[in-house]
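Notes for the structure review
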Amino acid sequence: MPQILPIQELNFTGTSCMIWEITENEAFFAQIPDSWKMTLPPNQAHETKRLESLAARYCLWQIVQSHVGHEIELLKSSTNRPYLRDSDWQISISHSFPYVAAALSYKNNIGLDLEKKERNILKVAARFLSQSELAWSQNDDIKLLSAWTVKEAIYKAQHQAGLDFRKEIGFDLIDPIEKGFVQLAQERVDFELWQEEFPNFWISLALRT
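Residues numbered from 1 in each chain as written. Predicted model: local features only at pLDDT ≥ 70, side-chain atom pairs only at ≥ 80, totals over all residues. Heavy atoms only, no water.

This part is about the overall build of the protein. Helices and strands together make up the secondary structure of the protein, namely 6 helices and 11 strands. Here the C-alpha coordinates of the protein stretch approximately 45 × 35 × 30 Å along the principal axes. The buried share of the protein, reckoned over its 209 residues, is 54%. In the protein, the share of contacts with a sequence separation of at least 24, taken over all contacts with a separation of at least 6, comes to 52%. Just so you have it, the protein exposes about 10300 Å², and 45% of that area is on carbon and sulfur atoms. Averaging the locations of the 21 positively and 28 negatively charged side chains of the protein gives two centres separated by 6 Å. (Helix = DSSP H or I, 4+ residues; strand = E, 2+ residues; numbered from the N terminus. Buried < 20%, exposed > 50% of the residue type's maximum accessible area, 1.4 Å probe, protein only. Contact = heavy atoms within 4.5 Å. Areas by Shrake-Rupley, 256 points an atom, 1.4 Å probe, with all protein chains shown as cover. Lys, Arg positive; Asp, Glu negative; His and termini not counted. Charge placed at Lys NZ, Arg CZ, Asp CG, Glu CD.)

Put into structure tokens, the structure is as follows:
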């Protein structure tokens, strides 16, 4: 069983995460409820994309079974964000083949982002980092990967389309990054962060406080 991280309670109350490396075929992950499969990419989607989406939902289903204790419907918003119907449990999934992850939190919005280390973040850094964040990163590959996954996780947890990654999403300039925020015209929203480095990828989770 290629679990990289079995269901694990994080330091945030009521929040759990699971990480998986895909070595199985689609049939293995088809144990999820049929209703959940309705949220998958269409059948004509690329085979790898559909497989990683299915595997991420399999991980989420394992966590839901462990924590919620009853079957619950998975839906997809108009922006393709998965969510649980009529539930206080908040969810997030992420995948970068062959790695997938899922997270569950009680009442607090969460966002999860997983990226492989081979991705070249430097070439897009100026598009999503402020000048002070660029200076903090010192063009270091791991810091850039950390910053990218943090901002992606915050974006997912905020549930607000169209945010400017460079101007409206930020984080405390410390290493490791522990706190982030969304700065809007009339409001600042704060997030607690969890990050973990693995041999082949980096993962970040943002919890809206």
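Below, the discussion takes up the confidence of the model for the protein. A low pLDDT means the predicted coordinates there should not be read in detail. Per-residue confidence for the protein averages 93 on the pLDDT scale, and 99% of its residues sit at or above 70. Per-element confidence in the protein ranges from a low mean pLDDT of 79 for strand S1 (residues 3-9) to a high of 98 for strand S8 (residues 169-171). (pLDDT = per-residue confidence, 0-100.)

Quick look at the packing of aromatic side chains now. Under the defined criterion, the tally for this structure stands at 14 aromatic pairs. Ring centres 6.0 Å apart and planes at 35 degrees place the aromatic pair Trp20 and Phe28 in the tilted group. Centroid distance Trp36 to Trp61: 5.2 Å. Interplanar angle 75 degrees. Geometry classified as edge-to-face. With Trp36 in helix H2 (residues 34-37) and Trp61 in helix H3 (residues 47-67), this residue pair connects regions lying 25 residues apart in the sequence. Each of the two residues, Trp36 as well as Trp61, counts as buried. Through successive ring pairs, a cluster of aromatic residues spans Trp20, Phe28, Phe29 and Tyr58. Across from the ring centre of Trp136, 5.0 Å away, lies the NZ or CZ of Lys143, which sits over that ring. (Phe/Tyr/Trp six-rings, centres within 6.5 Å; stacked < 30°, edge-to-face > 60°. Lys NZ or Arg CZ within 6 Å of the ring centre and 35° of its normal.)

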